[in-house]
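Results of the structural survey
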Amino acid sequence: MLFRALLLALGLIAVSLPASAEIKAVATFSILGNLLAEVAGDKAAVSAVVGPDMDAHAYQPRPGDARALAEAQVLVSNGLGFEGWIERLAKAAPFKGKAVVATTGVATLAAGSDQGHSHGHAHDHAADPHCWQDVQRVRTYVANIARGLAEADPPNAAYYRERAEAFDRRLAELDAWVKEEIAKVPADKRRAITGHDSFRYFSSAYGVKFQSPRGYNTSSEPSARDVAALIRAAREQRIKALFVENMTNPGLIDQIARESGAVVGPRLYTDALSGPDGPAPTYEKMMRHNVSALVAGMLKN
Ligand SMILES: [Zn+2]
């Protein structure tokens, strides 16, 4: 615990610190940190720059982050502009190891709004970075991570490949489970409102329609008109399933609930895991928690 507190003070979150670790691997945020730790096993000490319950969109790197990157052999980022701060940080460190962009080869969806409101910044027509909300796409993340670890640490290549294959089998089961759970909700009730627009890939993969008062980036503030339009839509479409995410301000969602009659469900974990004692300390637990909460909420629609 003392060591963990020390790492926190340095601005770095330890994900796993195996005694026999041979290399150091850093992920940009907690969800990637877990995927990386699942593949790395006890051959790499894994840390995440942006820890549990923290917003990676709006992160400000600290001096400890540069020190961790300077010592690391592997750096895993999501890419697609999700971590706008990572390139400058890696250059400043400097990071000299193997850089893995986890979304390499993943089919992307456009981040543009389909609700007629503008995000007001340069990423309007860029790809949506939240690919991890589709378990099938995360299988590609895991393959990319395994390849990167093998290149950085060739003597353990077979070890990483076997860990990745075992993890991939669990992800295939998880994907099937998500589909079974969503199928319990009648098709016309598969609608929910969330705090920021991070569910496009989930929506596309699993057939749930999401609406959100702000864009995909937590730094864009919705206008009063956007919020009013969403409240009207919630009333008209009788959407009861309303959710707030672990790393965004709940004020807006509370307002929508008050004015539309929707019910605020359990907190969803979208861009960050929970701490070790929360309901979403790993990627698999995060998906199971979110899907269970969504299904229970949508059944009330
Ligand atoms: Zn996000």
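Presented here is an overview of the structure given in this document. (Residues numbered from 1 in each chain as written. Predicted model: local features only at pLDDT ≥ 70, side-chain atom pairs only at ≥ 80, totals over all residues. Heavy atoms only, no water.)

**A few points about the sheet that holds strand β8 (residues 241-243)**
Strand order in the open sheet made by the 4 strands is β7-β6-β8-β9, with parallel pairing throughout. Each edge of the open sheet is held by one strand with a lone partner, namely β7 (209-211) and β9 (263-264). Bridge count between strand β6 (residues 191-194) and β8: 2 bridges; the pairing is parallel. Across the sheet, residue Thr194 finds its bridge partner in β8, namely Phe243. Lying over the sheet, helix α9 (residues 251-260) contacts β6, β8 and β9, oriented at roughly 160° with respect to β8. (Pairing = 2+ DSSP bridges. Helix = DSSP H or I, 4+ residues; strand = E, 2+ residues; numbered from the N terminus. Contact = heavy atoms within 4.5 Å. Axes fitted to C-alpha atoms, helices over the stretch in contact; angles between N-to-C directions.)

**Quick notes on the pattern of salt bridges**
Evaluation of the coordinates by the stated rule reveals 10 salt bridges. In this structure, Glu284 engages Arg170 in a salt bridge whose closest nitrogen and oxygen atoms are separated by 2.9 Å. Highlighted residues: Glu284 in helix α10 (residues 283-298) and Arg170 in helix α6 (residues 157-182), separated in sequence by 114 residues. Taking the relative accessible area as the measure of exposure, Glu284 reaches 15% and is therefore buried. The shortest N-O distance in the salt bridge between Asp175 and Lys179 comes to 2.8 Å. Taken together, the positions of Asp175 and Lys179, both in helix α6 and 4 residues apart, correspond to about one turn of that helix. For Lys179, a relative accessible area of 41% corresponds to the partly exposed category. (Salt bridge = Lys/Arg side-chain N within 4 Å of Asp/Glu carboxyl O. Buried < 20%, exposed > 50% of the residue type's maximum accessible area, 1.4 Å probe, protein only.)

**Brief notes about the packing of aromatic side chains**
All told, the structure shown has 9 aromatic pairs when counted by the stated rule. Put simply, the rings of Phe199, Phe202, Tyr206 and Phe210 touch in pairs and so form one group of aromatic residues. Stacked on the ring of Tyr159, the Lys or Arg Lys43 has its end atom at 5.2 Å from the ring centre. Positioned above the aromatic ring of Trp177, the side-chain terminus of Arg288 is 4.8 Å from the ring centre. (Phe/Tyr/Trp six-rings, centres within 6.5 Å; stacked < 30°, edge-to-face > 60°. Lys NZ or Arg CZ within 6 Å of the ring centre and 35° of its normal.)

**Re the pairing of strand β2 (residues 23-29)**
Counted residue by residue, β2 has 6 buried out of 7 residues, so it is predominantly covered. Alignment of β2 against strand β3 (residues 44-50), held across 6 bridges, turns out to be parallel. Bridging across to β3, Ala25 finds its partner in Val46. With helix α2 (residues 30-40) bridging β2 and the parallel β3, this β-α-β connection has right-handed handedness. Two elements, β2 and strand β4 (residues 74-77), share 3 bridges in a ladder whose sense is parallel. Across the sheet, Val26 pairs through a bridge with Leu75, a residue of β4. (Right-handed = clockwise from strand over helix to strand, strands pointing away.)

**Focus: the nonpolar core**
The biggest cluster of nonpolar side chains holds 74 residues, and the ones touching the most others in it are Leu69, Leu149, Phe202 and Tyr283. The residues that make up this core include at least three from each of domain 1 (2-172) and domain 2 (178-298). Counting residues in hydrophobic clusters, the runner-up holds 13 residues, among them Val227, Leu252, Ile253 and Ala257. (Core = buried A, V, L, I, M, F, W, Y, C linked by side-chain atoms within 4.5 Å. Domains from an automatic or database assignment.)

**Examining the side chain of Ser198**
Mapping Ser198 onto the fold places it in the loop between β6 and α7 (200-206). A polar contact is formed between the side chain of Ser198 and the side chain of Glu245, at a distance of 3.0 Å. Not counting chain neighbours up to four residues away, the residues in contact with Ser198 comprise His130, Gln133, Glu245, Thr270 and Asp271. (Polar contact = N/O pair within 3.5 Å; in protein donor to acceptor, adjacent residues only side chain to side chain.)

**Considering helix α8 (residues 224-236)**
If you check α8, its first and last C-alpha atoms are 18 Å apart, about what 13 residues at 1.5 Å a residue would give, namely 18 Å. Taken residue by residue, α8 has Asp226, Val227, Leu230, Ile231, Ala233 and Ala234 as its buried positions. Take α8 and look down its axis: the buried residues cluster within an arc of 160°, on one side only. Across α8 from its buried face, at more than 90 degrees, point the exposed residues Ala224, Arg225, Arg235 and Glu236. Residues of α8 that are buried in the fold lie against β6, β7 and α9. Phi for Arg238, located one or two positions after α8, is positive at around 50°. (Expected span 1.5 Å × (residues − 1). Arc of directions from axis to C-beta.)

**Details of the sheet that holds β4**
The sheet built from 5 strands is open, its strands ordered β1-β3-β2-β4-β5 with mixed pairing. Single-partner strands in this sheet number two, and they are β1 (13-16) and β5 (98-101). Averaged over all adjacent pairs, the angle separating strand axes in this sheet is 25°, with direction ignored. Sitting on the sheet, α2 is in contact with β1, β2, β3 and β4, with an inclination near 150° to β2. This element, helix α5 (residues 135-152), spans β2, β4 and β5 of the sheet and lies at about 175° to β5.

By themselves, these observations are geometric and do not establish any function.
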